[in-house]
Every structure is written in C-alpha cells, then in structure tokens.
Amino acid sequence: MLFNSVEFFVFIILCFLAYWFVFKTKKSQNLFLLAISYFFYGWWDWRFLFLILASSLLDFFIGLKISKTPDKPKRRWLLVLSLFFNLGALALFKYYDFFISSLAEAIPALDTDGLLLNVMLPVGISFYTFQTLSYSIDVYKGQIKAESNLVSFAAFVCFFPQLVAGPIERAKDLLPQFEKNRVFKSKDAYEGLQLILWGLFKKSVIADNVSIYADKIFHDYQHYDSGTLLLGAVLFSSQIYCDFSGYSDIAIGTSKLFGFKLSRNFNFPYFSKNITEFWKKWHMSLTNWFRDYIYIPLGGSRGSSLVLVRNIFIVFFISGIWHGANWTYILWGTLNGVLFIPITLYNKHFNKSKLLTAKIFNIPKIVFTFLMVSILWVFFRADSIGMAFGYVDGLVDFTGFTPVSYLKNIYGFITWNKCQYIFPLLLVLYSFEYVNRNNEFGLDFKLKPILKLFLSTFIFLLWFVYANYPSEDFIYFQF
Amino acid sequence: MKTFIKYSVVFLSLILMVHFYAASVADGKFDDNYNKFAMEPKGSIIIGSSRATHGLNPEFILEGRISNFAFDAFSSPFCKEYNNAIYSFLGDSLKAKGVAVIDVNPWTLSVDTSLAEPLREKDRLLNKEISFSQSPNYSFLFNNYNHGWGKIIIDEVLSPDSSKHLHETGWLEVSLDMKESAINERKTGLLGAYQRKAKNSVVSEYRINSLLELIDTLNDYKNVFIVKLPVCPELLEIEASFFNEDSVYSIIKNRLPTTKFLELKAKELKWIDGHHVFKNSVELLSQRLSNRIIKGDADQ
C-alpha cells in the first residue's frame, strides 16, 4: 500500500477514526496499531509478516534476557545472537545472491548457478532490522530498559508509518511513546496534514514528474551531450530527494495524526555548504545510526588522523552496502567518504578561516555542493559501474564546448520533451524550502492561519493538476 | 477534536467534490482511450488498431449503428486480452445481429522478438481492471489514468488540446499540420521506426489463433468482415518484408471458410504520416466501407 495511493487514503481515514473513537485506552490503541501495521505490511506480501514477527519475538525475548542477566559474557553472547539473526536475515535476503554473483564474476570457472536463491527482498528489511538492532545494543549497553510489554515492542518494530522506509527510530525515542497515554492535539494533527500534503507534493508532483526525464537521459546517456547529462544528474538529485524526503514527510505527518512524534529525517540538505553538512542533513536517522553504532565505537574523531580517515571510510563503505547489493552503491558510498575526509581533516586541524566562512560565499558553496552531490548521485542511479563511468565521462566531455552550445543543448532537450512545466514546480519546491529552511518542513510557514491555508490550498491545487502516478514504488523501498 | 473533524470533513468534501467534478467533465480530449470505456455498444463493432481508430468514423458507417472499439498495436494486437475486452464491451449485444469490421494488419498479428516481453499487451490498458460502458468511468480513472484529476479539467474545460479528440463513437479525430514538409517529417520518422521494428517482427501463431477465436465467436451472431485499410506504398513494402499476407489469409480461410475479406483502396486519400488517414479523408473511407458492407461486396 503506497502512501500516494487511494487505498492508503481510505486506510488512514478509517484507522484514524477507529483509533481515536473506538480504541480509547492506551492498551487497545497499541493493539490496534499493531494490527493495522501488520495489515499494512501484509498488503505487499503477507509471507514476510512471519519474518518481521520472528525478528520482533527474538529481540523482545533477547532484550528481556539481557536485562535479567548480570553476567557480562552471557549478555554479550545474547547480543551476538540478536546480531547474528538480524544481520543474518538481512544478509540472506539482501546480499547472498549479490555475493554469489560477484564470486562467479571474479572466478568464471566457478559454477554458481545452483547456489543462487533468487529470493524476493522483503520491503523495508534494512530499516526495521536497524531499528531492532539498535534496541538490542542499547539494552545491552544499559542505555535503555528492556521492554516488558510484547504488544508495545512489536508495535514499535512495525509501526506502519515508518516501517518500510524510515525514519529509523531509536527505542529510547519511540518506545516510551507507546507507554504513555496519547491525547489528541489539534495543532499536531493540522501539522500532520500539512506534512502529508507537502510529502505528496514532493513525491507525486516533483519526483514522479522529474523521473520521466531523468530516466530518459539515464537510459540513453550515450547519445546525450555534456549539458543534457548534467541536466539528467540534477533532475535525478531532485527526484531522489523528493521521493525519499516526501515519504519521510508523509510518515512523520501520519504519525502525528496518531499522537506520535517521529524523528526528523531531512533538514533541507540541498542548502548545505559542504559535503559534511550535507550528510548531517540527509537521511539523518541513518547517519545518526552509523555515528552511534559504528563511527563512535570505532573511536570517532578521537585519535590520530589516520584512525579518523579509516573510521569515516568504514562508515561510508557500510552506508553504500546498506543502500543496496550492487557495486554502484558501494562506489557511491566510498566516493562520498573520499570527499568527506578532506573537509573533516581540515576542520580537525585548522581553525575555520574567516574568509571561507564569509556569508558572501554561501550561495556559490551551496551551488557547488549541490552539483558535487548531483554528480555522485550518478553512481547511485546507474545500473552498473560501467554505466556510471560512461555517464560521468560524457558529463565532463567538453569537446566543442561553448557556453551557448551548452545551454542550447539543455534547452533543446527541454523543448523537444516538452518538460518546461517541471521548472516552475521545482522553483516552488526550492523557494518554499529555502524560506522555511530554519523551520521543520517546506510548508511550515510561520504565518497567520488564513495565509497558511492559502499556501496549503495552492500546493493542493498543484498536486491536483500535476500529480503523476507511475507504477514504480518509492525508491527507498528497495533498501 | 470536534473542530478538527469538522474542518477535515469540510476539506475532504471539497477534495471529493473537485474530483467528482473532474470525473464528470472527462470526455474525449484528456485521454486517447477514455471514451472507448465510456461509450455504449451499438451491436456492430469496429475492431483493430490505430489505423481503424483514426480511419473509420462510425458516423458514416451503417448510419452510425456501429462503435469504434479499435485501440493501437501496443494495446490491441490480436490476443486474449483484446478478445475478452471485446466480449465484455459488447456484453448482451454480443449476441445481437450486426456487423463486425476487423482491421487486420501485420503489426497486430506479429510480435517483436527483440523485446524481453514480446506480448506487450500484458502490462497495458486492456489487461487492467477497467469496466466498460460507464460514464464517468471511475475504474478507468483509478486504474489507468496516471495524472492528477485536475489535469482532466485543464484538458477538457480550461485549455483543451485541439489536436486530438476521441469522439463518443470511438473515432479519434487528429488535427495536425498538413503542410507537405510536416507530413514528410512525420512520415520519415514513422517509416524509420517501422523499418527497425520490422527487422525483429515475426508473425505470431498465438496472435493468429486469437484472431481466429475472435472471428469464430463473432461469426455466430454477426456478419464479420476482415478489412485491409490503406497505407502508403513505402509502409506496405516494409510490411511485406516479414508478413506474407496471402499465407496468413489462407490460414484464416482454411480454418473459417465463410470469412469475408475486404480491401479498401482510394487514390484520393491523404495520410498524416503515411499510416494514419487524415481526418478529411475519413468520411470518404468510412462511406466506402459502409457501402461495400451494405452491398455485401467482399473481395473473396
């Protein structure tokens, strides 16, 4: 059930009414949330419900056992057991076939045909696995108490708004919300609806329109000139941002309707002035997860520069793998790490120069960072490493280049494909986000209610006219 | 809570109202196929691909007692999906007496072997859950229309596209620039595309069997005509490179000996691209077909 589908629209209205008017106690509301979350997940493929159920039961009982076991080696073994099963499931479903195929490519003589499982990837497995893992680790470290209520715990693992594509919630933030009585707050509900509207605008109006032209350029990249390839990269940047952050906005907005507060996942990342700032603002729940469970345990920025470089490199490498079982993701993660390292080293060893931090450079820095990130997205979007390098090669091929011919080619693509209409839409998106860059989301205007209503109506009308509904899911579902 | 619900109901009602309004104005300008699912069957039917959609206007055939239920070669080649759609569309009128005009051409009887899924109709229009003869047709809008419904209002009311109009009879009226240079540009592009396609196209037994099954079913109630619609000589040449018309026709004749064949020719015809007849020639072509049907003037 996609967030931008009619089914979800009906589902959410019915669930909202039942949640507040039928199930009035905390206990019954949690049970109801659990039931609708399983229903929501089972809508894709009911067979994978057993997987999420097994993961929930395992971590619930291991968590309890860890909290009751004073013996440290035993606690460690229990944690290892949780890690083994959670990461094992992830490895089996997501990486096993990739590993075998890569092995076959590396050693052609090896017959791996019978070894491939060809299993379907359960939707959102990377997200809920990381969520349950963080719970087990936090209980092990004594940072949180083990949850003793199975219903609350299972609802925490499969809370439907964030189940399939995050934000990846920490037990210390989300679990207590299942334990307290929830009171309906109109302000939160209105804000929730605005978030849903803004998320739908990003997903259905921007991402799903821009994707038509980005796909066109990527599919046929050999035949396009440098200017058009740059346009393709920039369009894909907007697509992936709006696809993923749009999902997060709808998830956070939906949670607000049910009295829950999810953590923020994006903080206007394309207004970042360098790549380190970008990574503090992009997919924040995952970045924070890596920071807390990999980067800091490895030593973080303490120690020598070499250790710092190693730690950053490891985190970005794993981030690449997390995104998908393909070398393109690994290369994308690694390249991000490579660009991240010099800035981090500079910040560690030198005081920030007043000249470099002068406001006058903000816009050029934002544009430069955006272009750099856009070029890195090529590796993320490409079907293979060869395609990624071929695309980048074309991107920097300035044979016969003149600024006029460059712009003329871009203009030629736009007029030929009749995609002029997407640029005013992108302008609305980025101008709204820029104005609200210090607020929570792009439609979070601090204005009089009537003006907010006017702006929301304007966004609704854009959605009503320009929404596009291709058959594809949200991009991040595949992770 | 009450205030929130009150406001939500008001907004929800407004949202629903604008959607209902959009559905109510849905007609022949926002989508090339919508009216085929909104029109009522008339007993007699035109079946085939875009040649028939563009080229045969029911207004001039059998005094308008016929519906144009042809789509395009991607959606409606001869296949199980198209046959089922025809039976569903006709409903009770399947068993009523009438005429069935079946436009047969090489593209609707072949498959492109270069495609991963040669039966392209599998993920197209006629394989979706869409009901027929309903206006407004919500199942079409929900399951096939991939845009915000506000676009329907724009396309139908505020800024209608003047180049295409699918009439309530199922005829697609196309108005394009008919200067010689514009026609040649379109023709060159189209012939190039068909030339490439022809290299990988082979006549499909599955498609022939689907056509035979269709004729056989319709034969019980209707006077069935297999019609060859005219195209430019260059396209005929491309088609002949992979499609042996005589052998295909003889398969049909052997299996269903009473089948009537009818080839339409007209020197005065104009095409928009060498393939699809220009709207000003449609009347002539349609009337010629109608006259021959009425006279029972089949070629074989």
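Before going into details, it helps to say that this report is about the structure given with it. Residue positions are counted from 1 within each chain, in the order its sequence is given. For naming, the first written chain is A and the first written ligand is 1, with later ones following in the order written. Only residues with pLDDT of 70 or above have their local features reported here, since the model is predicted, and side-chain atom pairs are shown and tallied only from 80 upward, although totals for entire chains, interfaces and linings are computed over all residues. Hydrogens are left out, water is left out, and the side-chain values use all remaining heavy atoms of the structure.

The next subject is the side chain of Lys36(B). Residue and element names in this part refer to chain B. Within the secondary structure, Lys-36 sits in helix α2 (residues 34-38). With a 1.4 Å probe rolled over the protein chains alone, any residue whose accessible area is under 20% of its type maximum counts as buried; one over 50% counts as exposed, and the rest are partly exposed. His is not counted here, nor are the chain ends, while Lys and Arg score as positive and Asp and Glu score as negative. Salt bridges are defined by distance alone: a side-chain nitrogen of Lys or Arg within 4 Å of a carboxyl oxygen of Asp or Glu. For the buried Lys-36, no salt bridge is present, and the opposite-charge side chain at shortest range is Asp-72, 9.0 Å distant. There is a polar contact of 3.2 Å between the side chain of Lys-36 and the backbone oxygen of Asn-68. Other than its neighbours up to four places away in sequence, Lys-36 contacts Thr-53, Asn-68, Phe-69, Ala-70, Phe-71, Phe-89, Phe-132, Leu-166 and Gly-170. Helix and strand definitions follow DSSP, with helices as H or I runs of at least four residues and strands as E runs of at least two, each counted in order from the N terminus. Any N or O atom pair separated by 3.5 Å or less is treated as a polar contact, with the protein-specific requirement of one donor-capable and one acceptor-capable atom, and with residues adjacent in sequence counted only for side-chain atom pairs. Between two residues, a contact is recorded if the distance between any of their heavy atoms is within 4.5 Å.

The next subject is the layout of surface pockets. Rolled over the atoms, a probe as big as a water molecule pinpoints where empty space is left. Residues and elements named next belong to chain A. Residues are called lining when one of their atoms sits within 4 Å of a cavity or pocket point, these points coming from a 1 Å grid over the protein atoms alone, where a cavity is a set in which a 1.4 Å probe fits but cannot get out and a pocket is an open set with protein on both sides within 12 Å along at least five of seven lines. Grid points are joined across faces, edges and corners, and a volume is the space filled by probe spheres set on the points. Empty space within the second largest pocket amounts to approximately 960 Å³. What lines the second largest pocket is a set of 32 residues, among which Asn-274, Thr-276, Glu-277, Lys-280 and Asn-347 lie closest to the centre. Every element with two or more residues in the lining of the second largest pocket is listed here: α11 (275-281), α12 (284-295), α13 (305-323), α14 (327-349) and α15 (362-381). Residue polarity follows a fixed list, in which Ala, Val, Leu, Ile, Met, Phe, Trp, Tyr, Cys and Pro are nonpolar, Asp, Glu, Lys and Arg are charged, and the others, Gly among them, are polar. Considering only residue class, the lining of the second largest pocket consists of 12 nonpolar, 12 polar and eight charged.

Residues and elements named next belong to chain B. Mapped onto the fold, Asn-244 is located in the loop between α9 (233-240) and α10 (245-255). Expressed as a C-alpha distance, the spacing of Asn-244 and Ser-88, which sit 156 residues apart in the sequence, is 32 Å. Within the structure, Asn-244 has its side chain in polar contact with the backbone nitrogen of Asp-246 (distance 3.2 Å).

Residues and elements named next belong to chain A. In this model helix α2 (residues 26-42) runs 24 Å from its N-terminal to its C-terminal C-alpha over 17 residues, within 8% of the 24 Å that 1.5 Å per residue would give. Buried residues of α2: Gln-29, Asn-30, Phe-32, Leu-33, Leu-34, Ile-36, Ser-37, Tyr-38, Phe-40, Tyr-41 and Gly-42, and no others. Looking at the packing, one finds that the buried side of α2 touches α1 (6-21), α3 (49-68), α5 (125-141), α6 (150-158), α7 (160-163) and α8 (171-179). Expected helix span is taken as 1.5 Å per residue step, with the number of steps being one fewer than the number of residues.

So, about a nonpolar patch on the surface. Residues forming no salt bridge and having over 30% relative accessible area are the ones grouped into patches, like charges within 9 Å of each other and nonpolar side chains (Val, Leu, Ile, Met, Phe, Trp, Tyr) within 5 Å. Per-residue accessibility takes into account occlusion by the displayed protein chains alone, with areas from the Shrake-Rupley method and a 1.4 Å probe. Together, Tyr190(A), Leu193(A), Leu447(A), Ile450(A), Leu451(A), Leu453(A), Tyr7(B), Val10(B), Phe11(B), Leu14(B) and Met17(B) make up an exposed nonpolar region whose accessible area comes to about 990 Å². At the level of secondary structure, the elements contributing two or more residues to the nonpolar patch comprise α9 (186-219) and α19 (449-466) of chain A together with α1 (2-25) of chain B. Of all the elements, α1(B) adds the most residues to the nonpolar patch, at five residues. Mapping Leu193(A) onto the fold places it in helix α9. Look at Leu193(A) and you get partly exposed, because its relative accessible area is 36%.

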